[in-house]
Amino acid sequence: MSLKDKVAVVGVGCSKFMENWTSGAEDLIVDAVFEAYADAGIEDANRQIDAVFCGSLYSAMGPVDVSEALKLYKPVSAVYNYCATGTETVRAACLAVAAGVYDTVLAVGYDKPKDRGVSGPPVTFRGSRDLPATPAGWFALLAAPYFAKFGAGREDLAKIAVKNHHNGTLAPKSFLKKEITVDDVLNARMISWPFGLYDCAAQTDGAAAVIVTRADLAKNFPKQPVLVKAITSHCSPHPHTDPDHDFLRWKATEYAARDAYKMAGIDDPFRQIDVAQLHDCFTMTELVSYEDLGFIEKGSAKDHIAAGTFELTGELPVNTDGGLKSFGHPTGASGARMIVENVLQLRGEAGARQVKDAKLALSHNIGGYPTGCAVSILGVE
Amino acid sequence: MAGIIDAGIVDWGAYVATRRLSPAVLAGRKPPESGPERALAWADEDSVTMAVDAARACLKDRPRDTIDLLVFATTTYAFDEKQGAALIAVALGLSGDVRTVDIGHSLRGGTEALLLANDAVASGRARNALVLIADSRLGAPGSALESSGGDAAAAFLIGTEGVAAKLTADATASEEIVDVWRRNGDRFVHSWEDRFTTQYGFEDPSAAVAAKLPAAAGDAERVWAVSAPNKRAYGSLAKALKVRPDQMVPGLYDTVGYCGAAHAPLLLASALDTAQAGQEIAVVAHGDGAAALLYTVVEARGSSAVADTIAERVPVTSQAAYRRARKLDLTEYPVADDQGVSATIHYRETAEDIRMQGQRCQCGEPQFPKQRVCIRCGQKDQFTDEDFAERKGTLLTYTLDAFFPAPTPPTAVGVVLVDNGPRIYLQIAGLPKEGPTLGMPLRFVFRRIHESGKRPNYFWKALPERSSS
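Peer 1: When you look at the overall build of chain B in this model, what are you seeing that I'm missing?
Peer 2: Helices and strands together make up the secondary structure of chain B, namely 12 helices and 22 strands. By the compact-globule yardstick of 23 Å for 469 residues, chain B fits well, its C-alpha radius of gyration being 22 Å. The C-alpha extent of chain B, read off along each of the three principal axes, is 70 × 55 × 45 Å. The 469 residues of chain B split such that 55% are buried. The long-range share in chain B, meaning contacts at least 24 apart out of those at least 6 apart in sequence, stands at 70%. Within the structure as shown, chain B displays about 20,400 Å² of accessible surface, and the carbon and sulfur contribution to it stands at 52%. Each charge class in chain B was averaged separately, 51 positive and 58 negative side chains, and the resulting centres sit 3 Å apart.

Given below as structure tokens:
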């Protein structure tokens, strides 16, 4: 069974990502969803939308948040898979349409971490073991073995942060519009070695919305339809206890990518994919994702970073809107925001950061310890 | 000593807190090259963890399944209601049938614990007894007690076979006196005027019980291990007892400090390390009276338990780090109250958290924490429990986390491959200045991990293996 070409994206919207002290989660949901309505030409949502899926890491009240914000009294269900929540929310919408249960479905990812009263992610005390428990610490565990095996270092990570900060300056709704240098990254205060402050994504508030419909109905909507070629998800064993883990990769990405390429019929991702949004929660996560997604050989990221392969002007531009790093990371929204960016790129609506003649676009979320990954591939004919 | 069976000390161990604090650092100056210092339990240590350290040094490879009684003496256990010995028994992998006893409230608890254990073994009620005495002395900021206290633990295995020193006499005197105290809820030790407490709380009762001991047998050399509250009192008691200075076991006031209930026991361990057969060791501890124990050394062991743990030393380099480690800084807004780790989860995970127990599948795959389904063969419930705390391990990967609340961030954390065991994610402590290195050999120590719910939460950390040199 495959989803390929059964579902089309017909409307996208995104709030500004920022530390939004003066508006709540519901404001952000309204901003993103009404932009998506306008994009899809939807004027009577209660008639034209059949169901809603929503995704948030921090809210346990998704269906209420969304239905109350939109006054949209439809089937509303919450989806959750750590930092892969955004992509998973769109995936649930696609599955519902492909199953023939609904014609047109709204997916909205959002989070409002700045109402929590703490800066950065929490140090969680769930048990007596497994501490410290911060995302930086979990994702940093690849670094020492990877550096030792392949000779990469903090400078290579720094170049990823510099690239994503540059791309962020070109995206109107991004949070950090500031060019930085490799030295800025290397001299920033340490968070969890080898991650300094600039190696970490900027946690912000934000919401992103994606409207999908049956591929054969897409012609009824005003914009050029963007087809879902694949949307997959995979879990891997906990890296802390997996007896076979080599700490040179995140297995969940490899599994999810394998399934996505099979579904989309892709055999040479580096050549076939024109633009990609990768989960750069930390610079190292983007680095290994180049390899785990099969774009390049394991261990060769350092050379490709030096060559500029993944820069906006390179062979395969990655994180064209600045990524989690500088566009911002409202956890539940990020995967949906990536799909918004890929749709804009495929329609040629990405402005100053437009990748020329983009026909096939990939997006990738990974979360947990990390243990869960979701991948989407969108395309235009 | 009229025992039914001759009982005594079979083996001993000691743990002196590795961190050392000099009065200069307490005064806000740089640490001097040398000079007096006190042992300081760090943020991840307390009387329980120090007792576990001392116990492991004492037990080494000895069988633990013949220990029928565990006695834990301290004045500084984290709970007023809830036993410490029961927790320690799990950490040490003792049988669930072991009798566990806490002795609290008095600086004299150490000698009482030794006596109680000896009685139990001598009467045949217990095959072996393990006695652990630990204390962590915290004086109010700026007080003399702040710099003269010390944090340490001593452990003694009491039995009837392979005895190194048998108990030959004892004497006790009880006395009601308000000399040194902590009320319920007090953090700091308080005391009455020094000259009063030294004479009536320490010197008089100590001399009185010492006088009750029989005279030295024949020409036996007798040395004295005495729990004087400070260096000066130590010297004055020697005079009162009319013993030569070289008969006094060195008091460790400039290296460890006065470590409360653990002090006389620590000096006893130190004396045992270098004792000759036939020698007598008199142990005198004060506190609400005093007690004296007389041991006759049966077998010289020529060990260095106390000297070794004193030699393992990390100086505290700033007053700020000390204040953070012992939570001496006031904060206007304490952390939001919470229930902490669920008591039901804590109960279910006791073996995993407190004795680092995992399991091995019948297919051979070791796992930690315990699972229902094997990650290797996929079978359900085919596991045998296995303890990993006494194994060694190597470092597979790590990070240095600056976010985790700690007195001196960053906190090293990594995945450790246990020898012939699973991978375990835990904190790495005691790293050299150069930091961690992949593949470095590690051992495990029992520590306080965090204080969620305002209770101590215990688990294990990995420490670099001691170099063999």
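Peer 1: Help me out: how do you make sense of a nonpolar patch on the surface in this one?
Peer 2: Residues Trp192(B), Phe196(B) and Tyr200(B) make up a contiguous nonpolar surface patch of about 330 Å² in total accessible area. Judged by relative accessible area, which is 53%, Trp192(B) ranks as exposed.

Peer 1: When you look at the packing of aromatic side chains in this model, what are you seeing that I'm missing?
Peer 2: Centre distance and the angle of the planes are the two values used to describe a pair of aromatic rings. Counted by the stated rule, this structure contains 19 aromatic pairs over all chains. Between Phe17(A) and Phe327(A) the ring centres are 4.9 Å apart and the planes differ by 75°, which places this aromatic pair in the edge-to-face class. Within this pair, whereas Phe17(A) is found in the loop between strand S1 (7-14) and helix H1 (25-40), its partner Phe327(A) is found in the loop between helix H13 (323-326) and helix H14 (331-347), the two being separated by 310 residues in sequence. Summarising the burial analysis for this pair, Phe17(A) and Phe327(A) share the class buried. Between Tyr290(A) and Phe310(A) the ring centres are 3.7 Å apart and the planes differ by 15°, which places this aromatic pair in the stacked class. Residue Tyr290(A) is located in helix H11 (residues 283-292), and its partner Phe310(A) is located in the loop between helix H12 (301-307) and H13; the two are separated by 20 residues in the primary sequence. For the pair formed by Tyr290(A) and Phe310(A), the shared burial category is buried. Chaining the aromatic ring pairs together yields one cluster made of Tyr80(A), Tyr82(A), Trp138(A) and Tyr369(A). Lying over the aromatic face of Trp42(B), Arg19(B) brings its terminal NZ or CZ to 4.4 Å of the ring centre.

Peer 1: Explanation requested: the confidence of the model for chain B in the structure shown.
Peer 2: A low pLDDT score tells you not to read the predicted coordinates there in detail. Here chain B averages 93 in pLDDT, while 97% of its residues score no lower than 70. Interface confidence for the predicted complex, expressed as ipTM, amounts to 0.88; the pTM equals 0.87.

Peer 1: Would you take a moment to explain the sheet that holds S1(A) for this structure?
Peer 2: The strands that make up a sheet pair up through hydrogen bonds in the backbone, lying either parallel or antiparallel. Residues and elements named next belong to chain A. Pairing within the open sheet is mixed, and its 9 strands lie in the order S3-S2-S4-S7-S1-S8-S11-S10-S9. If you trace the sheet from one side to the other, it starts and ends with strand S3 (76-79) and strand S9 (275-277), each paired once. Neighbour-to-neighbour, the strand axes of the sheet open up by a mean angle of 25°, direction not taken into account. Here strand S8 (residues 226-235) pairs with strand S11 (residues 372-379) via 8 bridges, running antiparallel. Paired with Leu227 across the bridge in S11 is Gly379. Strands in contact with H1 are S1, strand S4 (104-111) and strand S7 (206-214); relative to S1, the strand with the most contacts, it is inclined by about 130°.

Conventions and cut-offs
Residues numbered from 1 in each chain as written. Chains lettered and ligands numbered in written order. Predicted model: local features only at pLDDT ≥ 70, side-chain atom pairs only at ≥ 80, totals over all residues. Heavy atoms only, no water. Helix = DSSP H or I, 4+ residues; strand = E, 2+ residues; numbered from the N terminus. Rg over C-alpha atoms; globule rule 2.2 N^0.38 Å. Buried < 20%, exposed > 50% of the residue type's maximum accessible area, 1.4 Å probe, protein only. Contact = heavy atoms within 4.5 Å. Areas by Shrake-Rupley, 256 points an atom, 1.4 Å probe, with all protein chains shown as cover. Lys, Arg positive; Asp, Glu negative; His and termini not counted. Charge placed at Lys NZ, Arg CZ, Asp CG, Glu CD. Patch = residues over 30% accessible without salt bridge, like charges linked within 9 Å, V, L, I, M, F, W, Y side chains within 5 Å. Salt bridge = Lys/Arg side-chain N within 4 Å of Asp/Glu carboxyl O. Phe/Tyr/Trp six-rings, centres within 6.5 Å; stacked < 30°, edge-to-face > 60°. Lys NZ or Arg CZ within 6 Å of the ring centre and 35° of its normal. pLDDT = per-residue confidence, 0-100. Pairing = 2+ DSSP bridges. Axes fitted to C-alpha atoms, helices over the stretch in contact; angles between N-to-C directions.

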